[in-house]
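Breakdown of the fold
The lines below spell out each chain.
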Amino acid sequence: MSITRIGLAVFVVALIAAWFVLNPGQYLGVACDGQVFSLACFESQRAALGELAATNGLLFAAGFFLIYIAVTAISLPGAAVMTLIGGALFGLVEGTLLVSFASAIGATLAFLIARFVLRESVQKRFGQRLKALNRGVERDGPFYLFALRLVPVFPFFVINLAMGLTPIRTRTFYWVSQLGMLPGTLVYVNAGTQLGQVESLSGVLSPGLIGSFVLLGLFPLIARKTLDFLAARKALAGYDKPKQFDRNLIVIGAGSAGLVASLIAATVKAKVTLIEKNEMGGDCLNTGCVPSKALIRSAKLMHEIRYSRRYGIRSASANFHFQDVMDRVKAVVATIAPHDSVERYESLGVDCIQAGARLVDPWTVETDDGQRLTARHIVLATGAVPFVPAIEGLADIDYLTSDNLWDLSELPDRLAVMGAGSIGCEMAQAFARLGSQVTLIEQGERILSVEDDDISAQMRDRLVEEGVTVRTGLKVTAASRNSRNSRETVLTCKLGEREVEIRCDRVLVAVGRQARTQGMGLEELGLIKDGRISVDEYLQTALPSIYACGDAIGGYQLTHAASHEAWHATVNALFGTFKRFAVDYSKLPWCTFTDPQVAHVGHNETSAQAASIEYEVTRYDLAGLDRAIAESARSGVVKVLTVPGKDTILGATIVGEAAGELIIEFVSAMKHGIGLNKILATIHPYPTLAEANRFAASEWKKAHAPEWVFPWLARFHTWRR
Ligand SMILES: Cc1cc2nc3c(=O)[nH]c(=O)nc-3n(C[C@H](O)[C@H](O)[C@H](O)COP(=O)(O)OP(=O)(O)OC[C@H]3O[C@@H](n4cnc5c(N)ncnc54)[C@H](O)[C@@H]3O)c2cc1C
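Running from amino to carboxyl end, helix H10 (residues 256-267) crosses helix H17 (residues 559-575) at an angle of 40°, the nearest separation of the two axes being 8 Å. In terms of crossing hand, the pair formed by H10 and H17 is right-handed. Contacts between H10 and H17 involve Ser256, Ala257, Val260, Ala261, Ile264 and Ala265 on the former and, on the latter, Thr559, Ala562, Ser563, Ala566, Trp567, Thr570, Val571 and Leu574. Looking at the contact of H10 with H17 residue by residue, the class counts come to 10 nonpolar, 4 polar and no charged.

Next comes the structure, spelled out in structure tokens:
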């Protein structure tokens, strides 16, 4: 916190303390000794004040106005009594005007003080957790503020200070406060005009009056709901809503997102239909996570055999046919397929249709075979396809993508992989380990660009060490077949101003994935923005009856993100009338399944810096971990970001064997607010890789040990000897 901020905080606290310590009431007589801002004190001074008001009208009013502002600005208790006094001294109209402006100005000053002194540090420390609240305040803040102001049972000074910590605009805060406080001000000033009959503050607010205020307070919330309702009606205007629906929910797409969505709906006894045009299980099962991990396993075995000396095996060799490896990949997919099958889902209560689906209107879906189905809500889970950039000649070279890679029957001698994200790096390493000469081409300056520099450098070194040629800063501009050797592909690339050629047998395009949105009537219904299905934080599209989740909405494009989103989309669709849940990605982990794996949750240095979040870094190097040494898997690190001076975890990145499993400890810790102290106090079995997490916590503890205690401890032990 800056000196100015601390100075202002100290000044305000000193003013409040001085008020209570000096107790100005003691100079005004017995009635005021207890408290200046009390009705008894006012009554004792009423005649003198009346005289002052009569002789110096304007000056007196200005003085009252300024004192009122000061009292509210520094949050002294007394504004309610001053409002009554305002009524008693100035009458209903003048009193209301004075109090209304003074209270709004004072409240805004208090709001600004809180904002100036505390907001930056509160947002810095808790920004991640406050994200949803901030978004809510940005959208609905004025409504909530208005409601709080209308019900004068909420202490106004708390509202002023709390609102200062939120992103609401000062101007909005001012006018909403003035408007919202007006009814209460009127009631109090009016009561003040008959002050003789009011014996205490509680006498002003009868239960009936409080009831009316509560009703008034509910008004803006009801207004908000009404506006939402009208917005929904507007979005759906022009469509004929069916009087009745065949089912509660239709889910389009049976990938990771659609399967979870339909399962949740069936579990809560909704009538749900799941429509899939290709294989059940979508990309993850058929062309994504499952086949890639199966291939990576075979490649790892080959790697271990090649480096068997590391394990004390002088010579080991393996013979393999690439086709057998791919057959195993297919067998793995086939073994898992029943988990996602029509039979299983039908048995769980999901009605499955195998056909292409198209939206006709916000409630109606038409399938390829001409069936028309209606549902009150629809969840779109149509996934993504590999993005293929518009590069001259690429279309003519029979390139590979993650869609058709699994049909390869021959191991390419030379493979060029375009794109060094997760998929590119995983496949580059796997094919290199199986024996291809791999060139990994990345247009950016480094591989795995979402990771921190040191992590991406570590992985680059590892790939290079295993024989992958890593070319960064290289942009492919054209692709062609070699005219003299039709099996050879030539990629023309730009390296700065220079032109570079890369020769290979096959090219794998892994430069990203784009939402699958075409030919389903989505554009016609206005659901597409920037090439993906556009949704709000509740995963609702522009049409309130339609929700979307998974790769089709862009975002993280991971299987577990798709499931997480599917839960939100389905629950919001089925129960959103009562309660909606905003999707939160702050504790979403991901893992790149290279060897070593790179796993991640929350912030890394790159994202924390981008979000201006202060952090401390603690590292634990796997080279010193007993189990990693025993496994000959010493390359890696546990890197944890914490709130400065605290053990609160902001994020963690793990590079190493089984990092994808190890990261789960940090995911749970972050999810449930567990800090490094508690991880340190948790028994981890020996010898495990998971001990690395505990040792990272121990590193943090060592760095935060209270150094001053140790000399005293040394003295204590000397004395005990
Ligand atoms: C090589 C590779 C490796 C990956 N590895 C991992 C990993 O290790 N971990 C991880 O978390 N993620 C991984 N992913 C990402 C993961 O596969 C996706 O994030 C996940 O499959 C997305 O699920 P989804 O349900 O959104 O889409 P999809 O799985 O693509 O499912 C969408 C389904 O909708 C169907 N569909 C589309 N349009 C229609 C229509 N009009 N009518 C009927 N059906 C339709 C499609 O046929 C498809 O089956 C990987 C992806 C790839 C390509």
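Further remarks concern the state of the cysteines. Any covalent bond linking the sulfur atoms of two cysteines counts as a disulfide. Here the structure, examined in full by the defined rule, presents 1 disulfide. One disulfide in the model links Cys284 with Cys289; its S-S distance is 2.4 Å. Residues Cys284 and Cys289 are joined by a disulfide whose S-S torsion is about -130°; by sign, that bridge is left-handed. Its relative accessible area of 28% is what places Cys289 among the partly exposed residues.

Before going further, it helps to examine the sheet that holds strand E22 (residues 637-642). Through backbone hydrogen bonds, the strands of a sheet pair up, either in parallel or in antiparallel fashion. An order of E19-E20-E23-E22-E21 is seen for the 5 strands of this open sheet, with the pairing classed as antiparallel. Two strands close off the open sheet at either side, each with one partner strand: strand E19 (590-592) and strand E21 (616-621). Neighbour to neighbour, the strand axes of the sheet diverge by 10° on average, direction disregarded. Two strands pair when backbone bridges link them, and E19 and strand E20 (residues 597-602) are joined in this way by 3 bridges, in the antiparallel orientation. Residue pairing across strands places Thr592 opposite Val598, the latter belonging to E20.

Judged by nonpolar contacts, the single largest core of 52 residues is most densely connected at Leu359 and Leu380. In contact with Leu359, not counting residues within four places along its chain, are Ile252, Thr364, Val365, Ile378, Leu380, Met520, Gly521, Leu522, Leu525, Leu527 and Ile546. Counting 36 residues, the second-largest nonpolar core is a separate cluster that includes Met302, Leu405, Ile455 and Leu463.

Over the atoms a probe the size of a water molecule is rolled, and this reveals where empty space is left. Put simply, the second largest pocket is a space of about 1,800 Å³. Those elements that provide at least two residues to the lining of the second largest pocket are helix H5 (79-150), helix H9 (207-236), strand E6 (372-380) and H17. No other element matches H9, which puts 11 residues into the lining of the second largest pocket. Considering only residue class, the lining of the second largest pocket consists of 26 nonpolar, 10 polar and 13 charged.

What follows concerns the site of the ligand. Glu276, Asp283, Lys293, Asp551 and Thr559 are the nearest of the 38 residues found near the ligand. Here Ser256 contributes a backbone N or O atom positioned 3.1 Å from an oxygen atom of the ligand. Contacts to the ligand include Gln557, whose backbone N or O atom sits 3.2 Å from an oxygen atom. In isolation the ligand has 990 Å² of accessible area, and contact with the protein removes 96% of it. If you list the elements that add at least two residues to the shell around the ligand, you get H10, strand E2 (272-276), helix H11 (282-286), helix H12 (289-306) and H17. In the shell around the ligand, the residues fall into 14 nonpolar, 16 polar and 8 charged.

What follows covers the environment of Glu665. Tracing the sequence through the fold places Glu665 in helix H20 (residues 659-671). Owing to a relative accessible area of 21%, Glu665 belongs among the partly exposed residues under this scheme. For the pair Glu665 and Ile679, spaced 14 residues apart in sequence, the C-alpha to C-alpha distance is 8.4 Å. In this view, Glu665 contacts Ile679, His684, Ala690 and Asn693; residues no more than four positions away in its chain are not counted. Of the polar contacts made by the side chain of Glu665, one reaches the side chain of Asn693; its length is 2.9 Å.

Calculation rules
- Residues numbered from 1 in each chain as written.
- Predicted model: local features only at pLDDT ≥ 70, side-chain atom pairs only at ≥ 80, totals over all residues.
- Heavy atoms only, no water.
- Axes fitted to C-alpha atoms, helices over the stretch in contact; angles between N-to-C directions.
- Helix = DSSP H or I, 4+ residues; strand = E, 2+ residues; numbered from the N terminus.
- Left-handed = near helix turned anticlockwise from the far one by under 90°.
- Contact = heavy atoms within 4.5 Å.
- Nonpolar A, V, L, I, M, F, W, Y, C, P; charged D, E, K, R; others polar.
- Disulfide = S-S within 2.5 Å.
- Buried < 20%, exposed > 50% of the residue type's maximum accessible area, 1.4 Å probe, protein only.
- Pairing = 2+ DSSP bridges.
- Core = buried A, V, L, I, M, F, W, Y, C linked by side-chain atoms within 4.5 Å.
- 1 Å grid on protein atoms, 1.4 Å probe; cavity = no way out; pocket = protein on both sides within 12 Å on 5 of 7 lines; lining within 4 Å.
- Points joined across faces, edges and corners; volume = space filled by probe spheres on them.
- Near = heavy atom within 4 Å.
- Polar contact = N/O pair within 3.5 Å; in protein donor to acceptor, adjacent residues only side chain to side chain.
- Areas by Shrake-Rupley, 256 points an atom, 1.4 Å probe, with all protein chains shown as cover.

Take it as geometry only, folks, not as evidence of what the structure does.
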